[in-house]
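Spelled out, the chains give:
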Amino acid sequence: MMSEEIKEFYQVEYIGDKRIVKELSLPINLNLIVTKQCNANCIHCCASANEKEGAFFLGDIKKIVEIAKKNNIFYFVITGGEPFMYNQIWKLFEILNNKFGILLNTNGTLISSDIAKRLSSYNIANIHVSLDAPNQKIYHKQRGDTTKLKEVISGIKNLIDNNINITAKFVITNLNKDYMEDTIKLSISLEVKKMVFAWFKPSGRGGLNESELAINSKDVKKTVEDLYNLKKKYKNKIKLSFDNAQCFTFLIKDYKKLKYRKLCGDYFCRIDFNGDVFPCPFLEIKIGNLFKEDIKKIWKDSKLLSLRHFSWGKHLRGVCQKCNHNHICMGGCRARTFAIYGNLYSKDPLCWMKKK
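What is the right way to look at the overall build of the protein chain in this model?
Looking only at helices and strands, the protein chain has 15 helices and twelve strands in total. Within the protein chain, the proportion of its 356 residues that are buried is 56%. Counting contacts in the protein chain only where the partners sit at least 6 residues apart, residues at least 24 apart contribute 69% of the total. Counting only carbon and sulfur atoms, one obtains 50% of the accessible surface of the protein chain, whose full area is about 16,500 Å².

Looking at this structure, I do not really get the packing of aromatic side chains. What am I missing?
What describes a pair of aromatic rings is the distance from one ring centre to the other and the angle between the planes of the rings. For the coordinates displayed, the defined rule picks out eight aromatic pairs. A centroid spacing of 5.0 Å and a plane angle of 85 degrees characterise the contact between phenylalanine 76 and phenylalanine 100, whose relative ring orientation is edge-to-face. You can see phenylalanine 76 sitting in strand E4 (residues 75-79) and its partner phenylalanine 100 sitting in the loop between helix H2 (89-96) and strand E5 (101-106), a full 24 residues away along the chain. Overall, the relative accessible area of 0% leaves phenylalanine 76 in the buried class.

Just checking my understanding: could you explain the sheet that holds strand E7 (residues 166-172) for this structure?
Strands sit in the order E9-E8-E7-E6-E5-E4-E3-E10-E11-E12 across an open sheet of ten strands; the sheet is mixed. Only two strands of the sheet have a single neighbouring strand rather than two, namely strand E9 (239-242) and strand E12 (288-289). Across four bridges, E4 lies against E5 in parallel orientation. Directly across from isoleucine 78, in E5, lies its bridge partner leucine 104. Helix H9 (residues 217-233) rests against E7, strand E8 (194-199) and E9 of the sheet, and its axis sits at about 170 degrees to E8.

Explain the side chain of asparagine 39 to me, please; I cannot follow it from the model alone.
Mapped onto the elements, asparagine 39 comes out in the loop between strand E3 (29-33) and helix H1 (58-70). Among the polar contacts listed, one links the side chain of asparagine 39 to the side chain of threonine 109, at a separation of 2.8 Å. Once you skip the residues sitting within four places of it in the chain, asparagine 39 turns out to touch Glu82, Met85, Asn107, Thr109, Leu110, Thr146 and Thr147.

What is the right way to read helix H6 (residues 180-189) from this model?
Residues Met180, Thr183, Ile184, Leu186 and Ser187 constitute the buried set of H6. All buried residues of H6 lie within an arc of 160 degrees about the axis, which places them on one face of the element. Elements in contact with the buried residues of H6: helix H5 (149-161), E7, E8, H9 and E9. Just past H6, the residue glutamate 191 takes up positive phi, approximately 70 degrees.

Can you walk me through the packing of H1 against H2 in this structure?
A pair of packed helices is captured by two measures, namely the crossing angle of their axes and the spacing between those axes. Between H1 and H2, whose axes approach to 11 Å, the crossing angle comes to 20 degrees. Considering the angle they form, H1 stands roughly parallel to H2. Crossing of H1 over H2 shows right-handed handedness. From H1, Leu58, Ile61, Lys62 and Val65 reach across to H2, where they touch Lys91, Leu92, Ile95 and Leu96. Here the residues of the contact of H1 with H2 sort into six nonpolar, no polar and two charged.

Just to check I follow, could you spell out the pairing of strand E10 (residues 268-271) for this structure?
What you see with E10 is no split at all: Phe268 and Arg270 on one side and Cys269 and Ile271 on the other are buried throughout. As paired elements, E3 and E10 share four bridges and run parallel to each other. Bridge pairing links leucine 30 to cysteine 269 in E10. Pairing between E10 and strand E11 (residues 276-278): two bridges, direction antiparallel. Pairing of arginine 270 across the sheet is with phenylalanine 278, part of E11.

Just to check I follow, could you spell out unusual backbone geometry for this structure?
When glycine is set aside, most residues are seen to have a negative phi, and most peptide bonds are trans. Cis peptide bonds are those with omega within 30 degrees of zero, and the linkage from glycine 80 to glycine 81 qualifies with 25 degrees. Its location among the elements puts glycine 81 in the loop between E4 and H2. Its identity is not glycine, yet asparagine 72 carries a phi of approximately 60 degrees, on the positive side. Structurally, the position occupied by asparagine 72 is in the loop between H1 and E4.

Hey, could you run me through the confidence of the model for the protein chain in this one?
The predicted structure's coordinates, where accompanied by low pLDDT, should not be read in detail. On average, residues of the protein chain score 86 in pLDDT, and 85% of them reach the 70 mark or higher. Here residues 1-9 is modelled with pLDDT under 50, and outside its nearest four sequence neighbours on either side it reaches 23 contacts, counting other chains as well.

Where do I start with the nonpolar core in this structure?
Side chains of a nonpolar character, in soluble globular proteins, are inclined to be buried together. Core analysis: the largest hydrophobic core is formed by 94 residues, its most contacted members being Phe76, Ile78 and Phe197. In this view, isoleucine 78 contacts Leu32, Val34, Pro83, Ile89, Leu92, Leu96, Ile102, Leu103, Leu104 and Asn105; residues no more than four positions away in its chain are not counted.

Even after reading the chapter, I still don't get the side chain of aspartate 60, so can you show me in this structure?
On the secondary structure map, aspartate 60 appears in helix H1. The class of aspartate 60 is buried, set by a relative accessible area of 15%. With near-sequence residues (within four places) excluded, aspartate 60 lies in contact with Phe273 and Phe291.

Where do I start with the environment of cysteine 269 in this structure?
Secondary-structure assignment places cysteine 269 in strand E10. With 239 residues separating them in the primary sequence, cysteine 269 and leucine 30 have C-alpha atoms 5.5 Å apart. Once residues lying within four places of it in the same chain are set aside, the contact partners of cysteine 269 are Pro27, Asn29, Leu30, Asn31, Val277, Phe278, Pro279 and Trp299.

Thresholds applied
Residues numbered from 1 in each chain as written. Predicted model: local features only at pLDDT ≥ 70, side-chain atom pairs only at ≥ 80, totals over all residues. Heavy atoms only, no water. Helix = DSSP H or I, 4+ residues; strand = E, 2+ residues; numbered from the N terminus. Buried < 20%, exposed > 50% of the residue type's maximum accessible area, 1.4 Å probe, protein only. Contact = heavy atoms within 4.5 Å. Areas by Shrake-Rupley, 256 points an atom, 1.4 Å probe, with all protein chains shown as cover. Phe/Tyr/Trp six-rings, centres within 6.5 Å; stacked < 30°, edge-to-face > 60°. Pairing = 2+ DSSP bridges. Axes fitted to C-alpha atoms, helices over the stretch in contact; angles between N-to-C directions. Polar contact = N/O pair within 3.5 Å; in protein donor to acceptor, adjacent residues only side chain to side chain. Arc of directions from axis to C-beta. Parallel < 35°, antiparallel > 145°, perpendicular 65-115°, else oblique. Left-handed = near helix turned anticlockwise from the far one by under 90°. Nonpolar A, V, L, I, M, F, W, Y, C, P; charged D, E, K, R; others polar. pLDDT = per-residue confidence, 0-100. Core = buried A, V, L, I, M, F, W, Y, C linked by side-chain atoms within 4.5 Å.

Here it is, written out as structure tokens:
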């Protein structure tokens, strides 16, 4: 699988005024949590890195690869923890290279010039590098004191110097929401071409720090407006995209252009090192084990089917049922909803509608 062959998956499309929702018979990618080890200690970490030991055995990786081949799964997302703390990372790249698409999530602090050069020999479609602060003070608040912003900047420079496609990723929290534009400017100065803004999700260690990190609904609305204006302001300098973009009003007027859907269980699932399968990296609802059950059976699990029904606007409760936009946002992020309300059916906590 060549990197240029990895395309966005359009799960919802409009033909005229008719809305078409597609449902896959199998996932098109697998999200592998290859290790729980990390050299950072981020307070928003969904994986609770460093709190428990755990990493994939290479033999288990090979089993998953065979399952992927058999079921025509297109690509793998490699994440952690910090993937470069995984002692089999290069063997993993060898196994996947030119057979599947590879996307990699990293904090960027361990990417030396030698590592970047070595990475350039693999067909990696894109590397997401965490960059959610423009200065060390804000970086320290969100990512702890075991890593430095200058290390991230060095890693980004090394990747770009070796012509590797990268995307800077900014996790929006109450700590850094006022520093989005400064971080965009930093990305542009580093010659980063793409940047994605992802809303904080209160899972893992992030759930324990929810009161410090979560943005209130009033500030969410302002942040969304700021993001939309920043996208227009810097459109000729950097491509900006947004996690759960479909949930918010700045895109509703252009909803027919919003073909891309990313709901839990839509087209990918998360695989932990012990084979446990989850709908996404942030939703702690186990739906099976890849080493014990057939992936086709797991993909048709009743919990996943229920999640997919949100694509049709089904099962939503409370204010979502009467909202004119529920066919666009589908209630937003289910992981946030589950973490805050304890169910999958209420509105996204980021939504500024008053009632639950």
